[in-house]
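Chain by chain, the residues run as shown.
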Amino acid sequence: MFESLDLGCGRNKLPGALGVDLDPTCEPDLVLDLDQQPWPLADSSFTQVRARHVIEHVRNAAGFLSEVWRVSRPDAQIEIVTPHFSNPMAFCDPTHRRALSARFIEFYVDPQAHSAFRNAARAAAHLAFESEFDLPQLPGSVRFRVLRRHLTFPRIWRFCGVAWLANRWLSFYEFYLSGIFRARDIELDLEVLKDFP
């Protein structure tokens, strides 16, 4: 019985995980086209799901996230890594279907989860810079809690403090600076929410 699921595992499967990949030459445990949904995996089966550089390849990102949620147990830990939209290499691979904003996950997060202080700060930032917007929840029960959201950057932008600024003021960075100081990847650590009010 597997506790972990490694989607798009390639040749570097997470030890002890059920490795899933479309390419049979990687010798995954399960050869599967992630666009064929529902996946042949039972509901609430896994406590950990890793999807590193996968979501940019699937046709239906919302369907992919729904399936990740479905096969995960309540409180399961999810790791997603994908190129940021400002990364020129995101458009180099002809099999990539999209490049995302670091805020895409907010469509699956309860906006009421923000503190009153944070909501007031976001409102003030929006008045000043017109870059803070609450994103609506997508209909349905698929919900996550963001444990960590981080943009990675080339060394030069880390040394200059751009990486710190971008991760501290994400919306400001994406609206005003991402065309100049390009990020590399979005790293997300999520928790699956089920049985929420």
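Structure first, text after, so check above.
From a predicted model like this one, the values you see are computed outputs, not experimental measurements.

Caption draft 1: View of the sheet that holds strand β2 (residues 18–21). In space, the seven strands of this open sheet follow the order β3-β2-β1-β4-β5-β7-β6, with mixed pairing throughout. What marks the edges here is a single partner per strand, and that holds for β3 (30–31) and β6 (143–151). Where strand β4 (residues 46–52) lies against strand β5 (residues 72–83), six bridges are found, and the strand directions are parallel. Bridge pairing links phenylalanine 46 to serine 72 in β5. Lying over the sheet, helix α1 (residues 61–71) contacts β1 (4–7), β4, β5, β6 and β7 (185–193), oriented at roughly 145° with respect to β5.

Caption draft 2: The packing of aromatic side chains, seen in detail. By the definition in use, this model includes seven aromatic pairs. Judged by centre distance (5.5 Å) and plane angle (75°), the rings of phenylalanine 153 and tyrosine 173 are edge-to-face. Of the two residues, phenylalanine 153 sits in the loop between β6 and α3 (155–159) while tyrosine 173 sits in helix α5 (residues 170–177), which places them 20 residues apart along the sequence. A residue is classified by how much of its surface remains accessible, and tyrosine 173, at 0% relative accessible area, is buried. An aromatic cluster of at least three residues, connected via ring pairs, comprises Phe172, Phe175 and Tyr176. Just above the ring of tryptophan 69 sits the side chain of lysine 194; from NZ or CZ to the centre is 4.6 Å.

Caption draft 3: Representation of the nonpolar core in the model. Judged by nonpolar contacts, the single largest core of 43 residues is most densely connected at Leu5, Leu7, Leu34, Trp39, Ile55, Phe64 and Phe144. Here this core takes six residues from α1, the largest share from any one element. If we skip the residues at most four places from it in the chain, leucine 34 touches Leu7, Val20, Trp39, Val54, Val58 and Phe64.

Caption draft 4: Geometry of the pattern of salt bridges. Using the criterion set out here, one finds 12 salt bridges in the structure. Salt-bridge contacts for arginine 145 lead to glutamate 191; the nearest nitrogen and oxygen are separated by 2.3 Å. Taken together, the residues arginine 145 in strand β6 and glutamate 191 in strand β7 connect sequence positions 46 residues apart. Overall, arginine 145 belongs to the partly exposed group, its relative accessible area being 41%. It is possible to trace a salt-bridge network through shared partners that takes in Asp43, Glu67 and Arg70.

Caption draft 5: Layout of α1. Across the 11 residues of α1, nine count as buried, placing the element largely inside the fold. Listed as buried for α1 are Ala61, Gly63, Phe64, Leu65, Glu67, Val68, Trp69, Arg70 and Val71. Considering only its buried residues, α1 is in contact with β1, β4, β5, β6 and β7. The N-cap residue of α1 is asparagine 60: its side-chain oxygen and the backbone nitrogen of alanine 62 are 3.2 Å apart.

Caption draft 6: View of the environment of serine 4. Within the secondary structure, serine 4 is located in strand β1. According to the relative accessible area criterion, serine 4 is buried, its value standing at 11%. For the pair serine 4 and glutamine 48, spaced 44 residues apart in sequence, the C-alpha to C-alpha distance is 4.6 Å. Each residue touching serine 4, except ones within four places of it in the same chain, is listed here: Leu14, Ala17, Leu18, Phe46 and Gln48. Within the structure, the side chain of serine 4 is placed 2.9 Å from the side chain of glutamine 48, a separation counted as a polar contact.

Rules behind the numbers
Residues numbered from 1 in each chain as written. Predicted model: local features only at pLDDT ≥ 70, side-chain atom pairs only at ≥ 80, totals over all residues. Heavy atoms only, no water. Pairing = 2+ DSSP bridges. Helix = DSSP H or I, 4+ residues; strand = E, 2+ residues; numbered from the N terminus. Contact = heavy atoms within 4.5 Å. Axes fitted to C-alpha atoms, helices over the stretch in contact; angles between N-to-C directions. Phe/Tyr/Trp six-rings, centres within 6.5 Å; stacked < 30°, edge-to-face > 60°. Buried < 20%, exposed > 50% of the residue type's maximum accessible area, 1.4 Å probe, protein only. Lys NZ or Arg CZ within 6 Å of the ring centre and 35° of its normal. Core = buried A, V, L, I, M, F, W, Y, C linked by side-chain atoms within 4.5 Å. Salt bridge = Lys/Arg side-chain N within 4 Å of Asp/Glu carboxyl O. Polar contact = N/O pair within 3.5 Å; in protein donor to acceptor, adjacent residues only side chain to side chain.

Such coordinate-based values are descriptive only and should not be taken to indicate function.
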